[in-house]
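One-letter residues, chain by chain:
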Amino acid sequence: LGLRASLWVDDITVSGARAREAIAPIISAVARHGHAVRCKKVLVYAAARTQSVTGVVVNRKQSAGQLRVQKVRHRIVDVANQRVILYNDLISIHGQIIQIKSICESQGKSLERLAEKLLPSSGISTPRARLDETRPCPNPSRHTYTSGVE
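Counting starts from 1 at the beginning of each chain's written sequence and moves along it residue by residue. Selection of residues for local features in this predicted model requires a pLDDT of at least 70, selection of side-chain atom pairs for listing and counting requires 80 or more, and totals for whole chains, interfaces and linings are taken over all residues. Side-chain calculation: all heavy atoms of the structure are included, whereas hydrogens and water are not.

J.: Could you give me a rundown of the pattern of salt bridges, with the residues and numbers involved?
T.: We define a salt bridge as a side-chain nitrogen of Lys or Arg found within 4 Å of a carboxyl oxygen belonging to Asp or Glu. Across all of its chains, the model carries four salt bridges by this definition. Between Glu21 and Arg18 there is a salt bridge whose closest N-O contact spans 2.9 Å. A residue is classified by how much of its surface remains accessible, and Glu21, at 44% relative accessible area, is partly exposed. When a residue's accessible area, from a 1.4 Å probe over protein chains only, is under 20% of the maximum for its type it is buried; when over 50% it is exposed; and in between it is partly exposed. A residue is classified by how much of its surface remains accessible, and Arg18, at 39% relative accessible area, is partly exposed. The closest approach of N and O atoms between Asp89 and Arg75, which form a salt bridge, is 3.4 Å. Placement of Asp89 in helix α3 (residues 87-103) and of Arg75 in helix α2 (residues 66-80) is noted, with a sequence separation of 14 residues between them. The exposure class assigned to Asp89 is buried, which follows from its relative accessible area of 18%. Of the residues examined, Arg75 reaches a relative accessible area of 26% and is grouped as partly exposed. Every helix listed is a DSSP run of H or I at least four residues long, and every strand listed is a run of E at least two residues long, numbered separately from the N terminus.

Rendered as structure tokens:
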């Protein structure tokens with residue numbers, strides 16, 4: 001049928017011109033292995049609609065998605081405009097760029113060029129919390145405590 005398939009835990013995504021034809025055989029194969037597919041989980045998207053699988057846009061070509069790339073662009077600009085640039089911010093941004101580049105090389109390279117242009121190569125290190133230190137929770141009402149005694 002000339003289809004592309006993507007599997008992630010319990011999510012099966014099939015795309016291609018004849019994807020509708022594959023729905024029934026896929027459901028039959030899942031059933032043969034003792035599993036069921038809920039009707040509400042079977043979705044068919046038009047080619048013009050953004051199709052995302054686990055956060056990756058998979059329409060005509062794989063992409064990190066415009067919104068995700070835009071968020072990283074804004075973060076780069078925001079950090080570049082800070083008076084003090086922290087090393088942890090630079091590492092975080094570079095990690096996001098690497099992840100996007102692993103999804104779509106051209107989007108990642110575009111973000112790399114922007115980061116190289118606007119961001120310094122190093123930032124100010126902040127002290128790391130010691131593993132043996134504890135600090136009080138600023139909002140203990142968020143937590144539920146059980147005594148462990150029944």
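Still more ground to cover, so stick around.
J.: I'd like a description of the pairing of strand β1 (residues 4-8), backed by residues and values.
T.: Taking burial as the measure, the five residues of β1 include zero buried ones, a minor fraction of the element. Across five bridges, β1 lies against strand β2 (residues 11-15) in antiparallel orientation. Across the sheet, Leu7 pairs through a bridge with Ile12, a residue of β2. At least two bridges found by DSSP between two strands is the condition for calling them paired. What sits between the antiparallel neighbours β1 and β2 is a turn of two residues, in which Val9 has the positive phi angle 50°.

J.: Account for the nonpolar core, naming residues and giving values.
T.: What is meant by a nonpolar core is a set of buried Ala, Val, Leu, Ile, Met, Phe, Trp, Tyr and Cys residues, joined one to another through side-chain atoms within 4.5 Å. Membership of the largest hydrophobic core comes to 15 residues, with the highest contact counts inside it found for Val72, Ile76, Ile93, Ile97, Ile100, Leu111 and Leu119. Taken together, the elements giving at least two residues each to this core come down to α2, α3 and α4 (105-118). No other element matches the five residues that α3 contributes to this core. The contact definition used throughout considers only heavy atoms, calling two residues in contact when any of these lie within 4.5 Å. Here Val72 is in contact with Gln96, Ile97, Ile100 and Leu111, once residues within four sequence places are set aside.

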